[in-house]
Amino acid sequence: MKNFYIDLSICNGCYCCQIACKDEHVGNDWTPYAKPQPDTGQFWLGLTELVRGQVPKVKITYIPKMCHHCDDAPCIADCAVGAITKRADGLVIIEPEKCTGCQLCASACPHEAIFFNEGLNIAQKCTGCAHLLDNEAEWEVPRCVDNCPTGALLFGEEKDFKKFIAEAEFLNPSAGTKSRVYYKHLPKKFVAGTVYDPKEEEVIIGAKCTLKDAQSKEAFTAETDVYGDFWFNGLKDNRTYNLTIKKGKATKTIDGIFTDKDLCLGDIPVEL
Amino acid sequence: MPERKVVYSTCKSCHGGCGVKVTVEDGVPVHIEGNPDTLTRGTMCSKGLSSIQHIDSPYRLKYPMKRVGAKKEGKWQRISWDEALDTIAAKVKESQEKYGKESISISQGTGRGYNRYIHRLARSLGTANVISPGYVCHSPRLGLYGLVTGYGRLYCDYHGWGGEFPKTQIMWAKQLEISSADSEMCNWFIQSLDHCKNLIIIDPRASAYATRATLWLQPRPGSDCALAMGMMNVIVNEGLWDKEFVENWTYGFEELKERINEWTPEKTEEVTWVPKEKIIAAARMFAIDTPGCIQVGSSLERQANCGHTLRAITCLMGMAGNIERPGSMVSWVLPETGLIEDFFLELPLTPEMQSKIIGIDKFKMGAARTCNPDTMVKAILDGKAPVHVWISIGGQQIVHMANTKEVVAAIEKMDFMVHVDLFMGPMAQASDMVLPSAHWLELDDVYDMHPRFFIAAHNKVVEPPGEAKSDAWIFNEIGKRTAPEHWFKDEKECLDYQVRKGMAGKMKWKDFSKNLVSGCWGKDQVYYKYKTDYWRKGGGFPTATGKFEFVSKRLAELGYDPLPVYREPGESPYRTPELYKEYPLIMSSGFRQPFYFLGQYRNIPWLRSFMEYPMAQMHPETAAKYGVADGDWIWIESPRGKIRQKCRTFPGILRGMLMATANWFYPEEGPEGYHGVFISNPNVLTSNDHLDPMYGSPDLTCLLCKVWKCTEDELQDNVFKTQEFGYVQRTVEK
């Protein structure tokens, strides 16, 4: 069985994957795998930009999104005419010649990966370029993967990517659809700031920062670096934290830090 | 079964350079991908990958046409190539006789393959009034590198051919990962990051790499020279400079030390808005963790202190010994085919031609070989310009030059103008005649890269539409009719001539075309050239002193400060505090997208769908202060005029500034407004009054503006008139 493997820590947002998909599918009829993709409006593979935090503590992540080729695919279950099938290699295909255009699959898909082609009256989505994998000896991966200049997008047999899978997550785990697209370095919430001494107007290096979950009491520690910065990465959504900053005898506490978004707490004065 | 073949060529969707493999079925290109067996290892970008849409575009010019109505009416009549070329030749001759040879001006877009053709044509016509965008892109760095090191082309050594990769990389006002002149470098840069200890990004706005970097510095736009001075101050005060290199191979270090003495981290922080801790850290990394390199972006060259900014940055490289060492800044040895510019350099620029260059009296670096375009615009408007005939290829001066209103007014005053292009656009609409040029998939030509260590073949994949012709053919035909002694029997002879030095002097175009590349790389490259007889006997740099020159006597002779000096932008909070009260935002037009190249590709549906409208980025707090929300259409105003773009709140940008999308026009809009060039293009706002003293570069990436939200009434304005293309909503969203 094959999967997609996406490492967000090396994706630069160059959009090559998205264009490669268009080059392969717009204007090309790959029936029985897929009819032509329209010029615009469909994103069998679409890149989204996510900007988190506030200056100067900001993170930018590009997330390629596509059909998850789920093992428990709601689209397959909901298709009234049996037009959607799961292949032996794991790919999920909407057979354009069987599709009646009822759009039940599009509304069933929790990943928003199915598009409706009004002109052809069919549902369409990523095919994993199965037409290439099946029929062209030189093609072992889909076009988007082949065109990724950074190696952020990979495709292959599960057994060859055990290490990747062990470190990876799903984009929408709550959908529970047994996705075949694995992501590494999906963004988590962060809390960061800069600690300084208001009298000296200098940053404070080596201040001990402790971030404590107000409910579970789980605690994280960090130390300010040479720029006076501290970072707490990988935090959970919608939790309330208390921050304590200690340097020498000085202590400062900030309560009620809520991670509904990523937070840059700005420049924090601590009088030594 | 359709007849299938694969053609190997070289992409030119930006400056170009990536090796490509094009599948052709029954004469139609159906598939483009990178060629893995080239120096670019099969990588391509979205611009190149969408090339099939370029050749099929409904905007393509297919036949020579002459204008039959008034300018901006869009009324054209097809003519024959003979009529077109004979008319051009007659207009050129008439103008030369009436007003002198300098009355012919030739303009180009960014340095694509036609660079050498237009320069050869200009020189063969006896004029140096060439309008090149070089003064806002790449030329200043080449000129300043040239002054300091004697050789102009210093590039980052991402290759590891000398056994070392850069340990500290500075990316200064540049996103090489998405927007690269010579996109082939993007791939090498990304590969080199595997060996990089410190990646330092200098950019007022966040990018993917800024947020992954070891260090990210956010300077106030236009203050970069001060930042370089501050970094040098740290290196000097902490004794971190490369002792061996500075002592043996440089000139003027003591004077430079004195000059940078005032640039303490505190003062640098005040001017640049970068925290001093980060300035110190960046300077230490660059000086201690060597080798290192600095990739400069052209945003620095779109500022009116660009000369000294680049001088300061070059001194910074030298101080850390990051010159000619493997993994640092290196000037590459040429391939056996030689320097491609010899194609026009072999025709000398005579003192007579040089003396007639518009702007040479003021901008002694930038207007030494080409004219200063902004000075030319002013001179035309004052009725003092000698220029009467303008031959234009590729570039959209109307779009990329400062102060659009004045540029348009000047162009409209030309006696005769002809524009050569792939597509209909603003410059074409301002012309008396348009000529259709071939896309890179439709021509044979020589690609030359900026770093100059290889040239590659553009091989014709498909016939051009209608009567479109290659740049080489068009310029050769104009040349044959106006200065036949310098031109060639036909296009083939012209191409043979350009590669003739290859294969020990036996190379023909067809050999080169088959080989795909002529280059010098790997073990054939030479490092530490100054330690050998390469530039001068006994070692040294090819400068007047034989050294790397921190102090430039040549600059002093030309009347400039021989040492780097910081100068505020023409409009800034510190230089024009009164103006800042009325226009309280610092504006830059440095926002680039990976799917557009300068003014190009808004007419390519796949690419346009990524960003239908120009976006202006502002920090959410700044936007809120001016009553603007994400997605709002906003007015952006400067003392020169106002435009609208769509606001994008972006937490990764400095507060108090606005980053507008550059070079925006609407190809789908009608000819009456030069394809909507006044609607959203930031150059409606930029000034052509305050120019760099050396290069004449205007402040395109640092000025002042104010913003407010478009009113409901204004949103009902019929801004966009066409209904033709589905991919752009024709009505303005509320």
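Keep in mind the model is a prediction, meaning the values are calculated, not measured. (Residues numbered from 1 in each chain as written. Chains lettered and ligands numbered in written order. Predicted model: local features only at pLDDT ≥ 70, side-chain atom pairs only at ≥ 80, totals over all residues.)

1. Some words on the overall build of chain A
Our working rule: To qualify as a helix, a DSSP run of H or I must reach at least 4 residues; to qualify as a strand, a run of E must reach at least 2; elements of each kind are numbered from the N terminus. Computation of the radius of gyration draws on C-alpha atoms, with the globule rule given as 2.2 Å multiplied by the number of residues to the power 0.38. Think of it as a crowd count around each C-beta: if 20 or more other C-beta atoms lie within 10 Å the residue is buried, if 12 or fewer it is exposed, and in between it is partly exposed, with C-beta placed from the backbone throughout. Two residues qualify as being in contact provided that their C-beta atoms, derived from the backbone, are within 7 Å of each other.
When helices and strands are tallied, chain A shows six helices and 17 strands. Expected size for 272 residues packed as a compact globule is a radius of gyration near 19 Å; at 23 Å, chain A overshoots this value by more than 25%. By its C-alpha atoms, chain A is 75 × 35 × 35 Å across when sized along the principal axes. Residue burial in chain A is summarised as follows: out of 272 residues, 42% are buried. The long-range fraction of contacts in chain A, counting pairs at least 24 apart against all pairs at least 6 apart in sequence, stands at 60%.

2. Here's the deal with the sheet that holds strand S17 (residues 433-436) of chain B
All names here are of chain B. The following threshold applies: What makes two strands pair is DSSP finding at least two bridges between them.
Pairing is mixed across the open sheet formed by seven strands, whose spatial order is S5-S4-S17-S16-S15-S6-S7. Only two strands of the sheet have a single partner each, and these edge strands are strand S5 (76-78) and strand S7 (130-131). In this structure, strand S6 (residues 104-108) lies alongside S7, joined through two bridges in parallel fashion. If you follow isoleucine 106 over to S7, its bridge partner there is valine 130.

3. As for the domain arrangement of chain A
Residue and element names in this part refer to chain A. Put simply, the rule reads: Note that domain bounds follow an automatic or database assignment of domains. Just so you know the grouping, Ala, Val, Leu, Ile, Met, Phe, Trp, Tyr, Cys and Pro go in nonpolar, Asp, Glu, Lys and Arg go in charged, and all remaining residues, Gly too, go in polar.
Segmenting chain A into domains produces domain 1 (2-184) and domain 2 (189-269). Using only C-alpha atoms to locate each centre, domain 1 and domain 2 end up separated by 39 Å. Every contact between the two is made by five residues of domain 1 and, on the other side, four residues of domain 2. For the side of domain 1 that touches domain 2, the leading source of residues is strand S2 (residues 45-54), giving three residues. The residue inventory of the side of domain 1 that touches domain 2, partitioned by class, reads no nonpolar, two polar and three charged.

4. So, the nonpolar core
Just so we agree on the cut-off: By our criterion, buried Ala, Val, Leu, Ile, Met, Phe, Trp, Tyr and Cys residues that link up through C-beta atoms within 7 Å make up a nonpolar core.
Formed by 277 residues in total, the largest nonpolar core has its most connected members in A:Cys16, B:Met231, B:Met232, B:Ile235, B:Leu316, B:Leu658 and B:Cys705. For this core, the element with the most residues is helix H8 (residues 224-237) of chain B, which contributes ten residues. Not counting residues within four places of it along the chain, the set of residues in contact with B:Cys705 comprises B:Tyr583, B:Leu585, B:Met587, B:Ile636, B:Glu637, B:Ser638, B:Leu658 and B:Leu685. Residues A:Tyr241, A:Leu243, A:Leu263 and A:Cys264 belong to the second largest nonpolar core, which totals 18 residues.

5. Section: the interface of chain A and chain B
Taken together, the contact between chain A and chain B spans 27 residues of the former and 37 residues of the latter. For the side of chain A that touches chain B, the secondary structure elements donating two or more residues are helix H1 (16-25), S2 and strand S3 (57-66) of chain A. Broken down by class, the residue content of the side of chain A that touches chain B amounts to 15 nonpolar, eight polar and four charged.

6. Some thoughts on the sheet that holds strand S1 (residues 4-10) of chain B
Residues and elements named next belong to chain B. Note the threshold: With axes taken as lines fitted to C-alpha atoms, and helix axes fitted only over the stretch in contact, angles between N-to-C directions fall between 0 and 180 degrees.
If you walk across this open sheet you meet the three strands as S1-S2-S3, and the pairing is antiparallel. Two strands in the sheet have a free side with no partner beyond their single neighbour: S1 and strand S3 (28-34). Taking the axes of each pair of neighbouring strands and ignoring which way they run, one obtains an average angle of 25° across the sheet. Relative to strand S2 (residues 19-25), S1 runs antiparallel, the two sharing seven bridges.

7. Section: the domain arrangement of chain B
All names here are of chain B. What the domain assignment reports for chain B is domain 1 (65-136 + 337-519), domain 2 (150-333 + 527-557) and domain 3 (577-716). Centre-to-centre, using C-alpha coordinates, domain 2 lies 30 Å away from domain 3. On the side of domain 3, 24 residues touch domain 2, which itself brings 19 residues to the contact. In terms of residue class, the side of domain 2 that touches domain 3 is made up of seven nonpolar, eight polar and four charged.

8. Here we look at the environment of A:Leu133
Residue placement: A:Leu133 occurs in helix H4 (residues 130-135). Aside from chain neighbours lying at most four places away, what touches A:Leu133 is A:Gly128 and A:Trp139.

9. Quick look at the environment of A:Arg239
Residue and element names in this part refer to chain A. Mapped onto the elements, arginine 239 comes out in the loop between strand S14 (229-235) and strand S15 (240-247). Residue classification places arginine 239 among the partly exposed residues on the basis of 17 C-beta atoms within 10 Å. The spacing of arginine 239 and aspartate 260 is 21 residues in sequence and 7.5 Å in space, taken between C-alpha atoms. Every residue in contact with arginine 239, bar those within four places of it in the chain, is listed here: Asp213 and Thr259.

10. Some points on helix H18 (residues 404-412) of chain B
Residue and element names in this part refer to chain B. The test is simple: The arc in question is formed by the directions pointing from the helix axis toward the C-beta atoms.
Considered for burial, the residues of H18 that qualify are Thr404, Val407, Val408, Ala410 and Ile411. For H18, the angular spread of the buried residues around the axis is 165°, confining them to a single face. Residues of H18 that are exposed and angled more than 90 degrees away from the buried face: Lys405 and Glu412. Taken together, the buried residues of H18 touch helix H16 (373-381), helix H17 (397-400), strand S16 (416-421) and helix H28 (677-680).

11. Some remarks on the packing of H8(B) against helix H12 (residues 276-288) of chain B
Residue and element names in this part refer to chain B. Basically, it comes down to this: In this scheme, roughly parallel covers angles under 35 degrees and roughly antiparallel covers those over 145, while 65 to 115 is roughly perpendicular and the rest are oblique. Two helices crossing with the near one rotated counterclockwise from the far one by less than a right angle form a left-handed crossing, whereas a clockwise rotation gives a right-handed crossing.
Axis separation between H8 and H12 bottoms out at 8 Å; the angle between their running directions is 65°. Classified by the angle their axes make, H8 and H12 are roughly perpendicular. Every pair of crossing elements has a handedness; the one defined by H8 and H12 is right-handed. Touching Leu227, Gly230, Met231, Val234 and Ile235 of H8 are Ile279, Ile280, Ala282, Ala283, Arg284, Phe286 and Ala287, all from H12.

12. Looking at the packing of helix H11 (residues 265-272) of chain B against H12(B)
Residue and element names in this part refer to chain B. The geometry of H11 relative to H12 is characterised by a closest axis approach of 8 Å and an angle of 115° between their N-to-C directions. Taken together, the axes of H11 and H12 are roughly perpendicular relative to one another. Considering only the axes of H11 and H12, their crossing is right-handed. Of the residues in H12, those touching H11 at Pro265, Glu266, Thr268 and Glu269 are Lys276, Ile279 and Ile280. Class assignment of the residues belonging to the contact of H11 with H12 gives a composition of three nonpolar, one polar and three charged.

13. So, helix H13 (residues 306-319) of chain B
Residues and elements named next belong to chain B. Selection criterion: Helix span is expected to be 1.5 Å times the residue number reduced by one.
Spanning 14 residues, H13 covers 20 Å between terminal C-alpha atoms, matching the ideal 20 Å at 1.5 Å per step. Taken across its 14 residues, H13 has 14 buried, putting it largely inside the fold. At the C-terminal side of H13, glycine 321 shows a positive phi close to 70°.

14. Quick notes on unusual backbone geometry
Between A:Val55 and A:Pro56 the backbone carries a cis peptide bond, its omega angle lying at 0°. Inspection of the secondary structure puts A:Pro56 in the loop between S2 and S3. Omega for the bond connecting B:Thr290 with B:Pro291 falls within 30 degrees of zero, at 0°, which places this linkage in the cis form. With respect to the element layout, B:Pro291 can be found in the loop between H12 and strand S13 (292-296).

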